[in-house]
Amino acid sequence: MSQQTMTLYTDADFFSPYVMSVFVSLTEKALPFTLSAIDLSAGENLGDAFGKLSATRRVPTLIIDDFQLSESSAISEYLEERFPSPGYARIYPQDRQERAKAREIQAWLRSDFMSIRSERPTEVVFAGMKMPSLSEGGQLAAHKLISGLARLLSDGRKNLFNEWCIADIDLALMLNRLALNGDELPAYLHKYASYQWQRPSVRQWCTLSQK
């Protein structure tokens, strides 16, 4: 296996759920990479230097040799294609339909639930921040999330599918926005999110965010 030079650009606080998703993908595949922090609060991502690396000027951005790619799900899908099993661990299900469903869940989490993301920022997850009760819109979003997951997880399974995948971490992060703030969740979702949060790659990220 040839070695590539990889750099993952992250937010300086290590609070980004999207950088976390790519960090976990790289770590699960045992790919060597370095981290480069960008100060988003100072607008460093909007400067010309970072603009040359990322058309979207967002993190995560991954540089592999002379190839540059932004947007977390695009990066994880690319990593799965470029570094496939059996040489590397899978981060998407082997089954084609389950793989499609995993991508569906990732897209759903990224395109919906804005009220949960705004009312339960990742400081709740990574810094122990406590937020007030959800607004009516936040409650509706939480109900939509919980009801949508009943068919997938109410049997108490530990992973979404027959094998772990990166969508499990993306989903656990969304659930932990609520669980770690003390919002009401079914016991099986609490258990699922807690189980996913013990994964070594996740614990490595949490160590960074808690420095």
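Cut-off values and rules
Residues numbered from 1 in each chain as written. Predicted model: local features only at pLDDT ≥ 70, side-chain atom pairs only at ≥ 80, totals over all residues. Heavy atoms only, no water. UniProt positions renumbered as here; feature names shortened; annotations may be inferred. Helix = DSSP H or I, 4+ residues; strand = E, 2+ residues; numbered from the N terminus. Pairing = 2+ DSSP bridges. Axes fitted to C-alpha atoms, helices over the stretch in contact; angles between N-to-C directions. Phe/Tyr/Trp six-rings, centres within 6.5 Å; stacked < 30°, edge-to-face > 60°. Buried < 20%, exposed > 50% of the residue type's maximum accessible area, 1.4 Å probe, protein only. Domains from an automatic or database assignment. Contact = heavy atoms within 4.5 Å. Buried area = accessible area lost by both parts, 1.4 Å probe. Salt bridge = Lys/Arg side-chain N within 4 Å of Asp/Glu carboxyl O. Polar contact = N/O pair within 3.5 Å; in protein donor to acceptor, adjacent residues only side chain to side chain. Nonpolar A, V, L, I, M, F, W, Y, C, P; charged D, E, K, R; others polar. Core = buried A, V, L, I, M, F, W, Y, C linked by side-chain atoms within 4.5 Å. Disulfide = S-S within 2.5 Å. Right-handed = clockwise from strand over helix to strand, strands pointing away. Parallel < 35°, antiparallel > 145°, perpendicular 65-115°, else oblique.

**Observations concerning the UniProt feature "domain: GST N-terminal" (unreviewed entry) in the chain**
Thinking step 1. Residues annotated by UniProt as "domain: GST N-terminal" (unreviewed entry) correspond here to residues 6–87.
Thinking step 2. From the first C-alpha to the last, residues 6–87 spans 18 Å; its make-up is 33% helix and 23% strand.

**Section: the sheet that holds strand S1 (residues 6–11)**
Thinking step 1. Read across the open sheet, the 4 strands follow the order S2-S1-S3-S4; overall the sheet is mixed. With one partner strand each, in any of the chains shown, strand S2 (34–38) and strand S4 (67–70) form the two edges of the open sheet. Put simply, the sheet's adjacent strands are angled 20 degrees from each other on average, direction ignored.
Thinking step 2. For S1 and strand S3 (residues 61–64), the ladder comprises 4 bridges, and the chain directions are antiparallel. Within the sheet, the bridge partner assigned to tyrosine 9 lies in S3 and is threonine 61.

**A look at the packing of aromatic side chains**
Thinking step 1. Scanning all chains against the criterion turns up 9 aromatic pairs.
Thinking step 2. Between phenylalanine 15 and phenylalanine 126, the ring centres sit 6.2 Å apart and the planes meet at 15 degrees, which makes this aromatic pair stacked. In this pair, phenylalanine 15 sits in the loop between S1 and helix H1 (17–28) while phenylalanine 126 sits in helix H6 (residues 122–127), placing the two residues 111 residues apart along the sequence. For the pair shown, phenylalanine 15 and phenylalanine 126 are each scored as buried.
Thinking step 3. Plain terms: the ring middles of phenylalanine 67 and tyrosine 78 are 4.9 Å apart, the flat faces sit at 35 degrees to each other, and that makes the pair tilted. Here tyrosine 78 lies in helix H3 (residues 72–82) and phenylalanine 67 lies in strand S4, a separation of 11 residues in the sequence.

**Details of the domain arrangement of the chain**
Thinking step 1. Each assigned domain of the chain is listed here: domain 1 (6–90) and domain 2 (96–199).
Thinking step 2. Put simply, the middle of domain 1 and the middle of domain 2, counted by C-alpha atoms, are 22 Å apart.
Thinking step 3. Listed as interface residues are 14 residues of domain 1 and, on the opposing side, 17 residues of domain 2.
Thinking step 4. The contact between domain 1 and domain 2 buries some 1,400 Å² in all, and 59% of this surface belongs to carbon and sulfur atoms.
Thinking step 5. The interface formed by domain 1 and domain 2 contains 3 salt bridges.
Thinking step 6. One salt bridge connects arginine 90 with glutamate 163, and the closest N-O pair in it is separated by 3.3 Å.
Thinking step 7. Our count for the domain 1 to domain 2 interface comes out at 5 residue pairs in polar contact (both at pLDDT 80 or more).
Thinking step 8. Among the elements of the structure, H1 and H3 are those that each provide at least two residues to the side of domain 1 that touches domain 2.
Thinking step 9. Split by residue class, the side of domain 1 that touches domain 2 holds 6 nonpolar, 5 polar and 3 charged.

**A short note on the nonpolar core**
Thinking step 1. Core analysis: the biggest nonpolar cluster contains 62 residues, and Met20, Phe126, Leu145, Leu160, Leu171, Leu175 and Trp197 have the highest contact counts within it.
Thinking step 2. The element contributing the most residues to this core is helix H8 (residues 166–179), with 10 residues.
Thinking step 3. Mapped onto the domain boundaries, this core takes at least three residues apiece from domain 1 (6–90) and domain 2 (96–199).
Thinking step 4. With residues up to four places along the chain from it excluded, the contact list for methionine 20 reads Phe126, Ile169, Leu173, Trp197, Val202 and Trp205.

**Here's the deal with the state of the cysteines**
Thinking step 1. On inspection of all chains with the given rule, the structure shows 0 disulfides.
Thinking step 2. Among the cysteines around cysteine 165, which has no disulfide bond, cysteine 206 carries the closest sulfur, lying 18 Å off.

**Notes on the pairing of S2**
Thinking step 1. Across 5 bridges, S1 lies against S2 in parallel orientation. Pairing of leucine 8 across the sheet is with leucine 35, part of S2.

**Describing the pairing of S1**
Thinking step 1. A large share of S1 lies buried, amounting to 6 of its 6 residues.
Thinking step 2. Handedness of the crossover joining S1 and S2 through H1 is recorded here as right-handed.

**Section: the packing of helix H7 (residues 136–153) against helix H9 (residues 187–197)**
Thinking step 1. Interaxial distance between H7 and H9 falls to 11 Å at its minimum, and their mutual angle equals 75 degrees. Relative to H9, H7 is oriented roughly perpendicular. Contact residues: Ile146, Leu149, Ala150 and Leu153 in H7; Tyr188, Leu189 and Tyr192 in H9.
Thinking step 2. Looking at the contact of H7 with H9 residue by residue, the class counts come to 7 nonpolar, no polar and no charged.

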